[in-house]
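Breakdown of the fold
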Amino acid sequence: MPASRRGSGSFTLTTGQTIAIHTRTQDEEDLPHATKKTMADHLRKYESLFTLTPQRMRMIVEAFTETLELGLNKPNQIVPMIPTYVFGWPTGQEKGDFLALDLGGTNLRVCLVTLQGEGKFEISQTKYRLTEEQKQEDGQKLFDFCAECLNTFVETNTGEGAGQLRPGQSLPLGFTFSYPCSQERIDHGELIRWTKGFGAGNTEGRDVAEMFKRSLEKYQLPIKLTALINDTTGTLIASHYVNPKTKIAVIFGTGCNAAYMEHVKDIPKIEHLGIDAGAEMAINCEWGAFDSFEHEHLPRTKYDTIVDDTSNKPGEQAFEKLISGRYLGEILRLVLCELIDEGVLFLGQNTYKLEKPYCFDTAFLSLMESDPTDELLMVIGIFTHFFALETTLAERQFFRALAKLIGRRAARLSACGIAAIVSKMGYLEEGCSVGADGSLYNKYPGFADRVHEGLQDIFGDKGRNIVTHHAEDGSGVGSAIIAAMTKHRKDAGLYLNV
């Protein structure tokens, strides 16, 4: 946004909406407002609540590492450490045409990925919108729709031209199904529960791979469901395919998760499968559940407790509730509501709009932190346009500082999760790359820098050896590479039982 005259300006929201803002210079005399000193006093209180010291971070990392170990030792733990049956890293030499299907929260995406070897690929894709009805009606119907879209995609992309499929060409398919599943084989997955607003009936507790295969048969498609995967596992494999230094993948968005490559000898709970102890397997951590129920390790404030108590799953996903983009705006809103109740903010103004849970979007925190103007005109815009509230400069500076505290805490806790895997696997000395994805990592200003700063606070100077980078497309390209790796493994007669 260009530097602006005092008192007016405009900015564009992520929705594409442009908001014009005008303020009167005599605002500050119209209504009783908090003084600069009062706001500074309050800020000190919140600084002590939301700041994570390096010592506290190291304690969290230690507890986190123990939790990861526990999940590998025994089934059905809070952090489940799910074996994915993806064996080892891609060689980079995988070649051929593979399909990927990604059932996301809002769209169904179908991709044709041509792997060219040496970490190169080409992709063509189509997105199909999912209606709310489809998300809620019968599960088999949902998979029929997936097969119908695949059929349309294959017909559209079949021909004699370059990059097209040959008529009748048989294709392996990787299905990215990012909902909690228990898997006994790579082409099987029993849905534990729907998330992301889905509620399709007759699906929970059933093998979704089997249901999808039934739908494929209806359309007589020459497609073999080769692998059912989680998007985080796909992100790990795709990022390593393009950058072989990648050893860990993390997602920091509306949810949070991580995946990494583990030695089979260190996964006691799958000993009975008889897999070679020298093999490696990708693990989908599902680490958003760290410290759930007991709440012994994470520094929860009373605002975090309210977020948890009023959520649809109290006690669960404790780690996710402190760092995910779904909750950061709500944490800030709860602080503001407390200050309104204490008679510090917005005296004489109607604050009902701010009292609605989840009305304060995490995108507002991003905007407040990146406001380049001296008068903090973006902050004025947010409060006047969305909440019909007038603010002073001292209050706006306080709001921005509070956003920074909450955003920084999220990034530093995220660093603790990464550090736990780094410690467990002994990656610190040689260093490693971490493929990171998700709206918080990609869009929140300074998030990546704060993660790196957190890693250095935990590990000292050696923390610089751990570097995050933008991950590759896990649910499309990653899914296709896993389909290629699985086909190759099964063709070679390796671990056919999984």
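With respect to the state of the cysteines
- Under the counting rule described, the total for this entry stands at zero disulfides.
- Cysteine C111 remains unbridged, with the sulfur of C149 as its closest cysteine sulfur at 13 Å.
- Relative accessible area serves as the criterion here: at 0%, C111 is assigned to the buried category.
- Cysteine C416 shares no disulfide, and the gap to the nearest cysteine sulfur, in C256, comes to 12 Å.

Here we look at the pattern of salt bridges
- Counted under the stated rule, the structure contains 26 salt bridges.
- Across the salt bridge formed by R300 and D308, the nearest N and O atoms sit 3.1 Å from each other.
- What you see here is one network of salt bridges that share partners, running through R408, R412, E453 and D457.

Overview of the environment of I270
- Here I270 lies in the loop between β12 (256–263) and β13 (280–284).
- Residues I270 and K74, 196 residues apart in the sequence, show an inter-C-alpha distance of 9.0 Å.
- Setting aside chain neighbours within four positions, we find I270 in contact with P83, V264, I275 and M281.

What about empty space enclosed by the protein?
- Summed over all chains, the structure comprises two cavities of 30 Å³ or more.
- Together, 14 residues line the largest cavity, and C181, Q183, I229, N230 and N284 are the ones closest to its centre.
- Secondary-structure elements contributing two or more residues to the lining of the largest cavity are β3 (82–87) and β10 (223–229).
- Residues that form the lining of the largest cavity fall into these classes: eight nonpolar, five polar and one charged.
- Size it by volume and the second largest cavity reaches roughly 40 Å³.
- Within the residue set of the lining of the second largest cavity, elements represented by two or more residues are α8 (302–309) and α9 (318–323).
- At three residues, α9 tops the list of elements feeding residues into the lining of the second largest cavity.
- Here the lining of the second largest cavity is built from residues that sort into two nonpolar, one polar and four charged.

Parameters at a glance
- Residues numbered from 1 in each chain as written.
- Predicted model: local features only at pLDDT ≥ 70, side-chain atom pairs only at ≥ 80, totals over all residues.
- Heavy atoms only, no water.
- Disulfide = S-S within 2.5 Å.
- Buried < 20%, exposed > 50% of the residue type's maximum accessible area, 1.4 Å probe, protein only.
- Salt bridge = Lys/Arg side-chain N within 4 Å of Asp/Glu carboxyl O.
- Helix = DSSP H or I, 4+ residues; strand = E, 2+ residues; numbered from the N terminus.
- Contact = heavy atoms within 4.5 Å.
- 1 Å grid on protein atoms, 1.4 Å probe; cavity = no way out; pocket = protein on both sides within 12 Å on 5 of 7 lines; lining within 4 Å.
- Points joined across faces, edges and corners; volume = space filled by probe spheres on them.
- Nonpolar A, V, L, I, M, F, W, Y, C, P; charged D, E, K, R; others polar.

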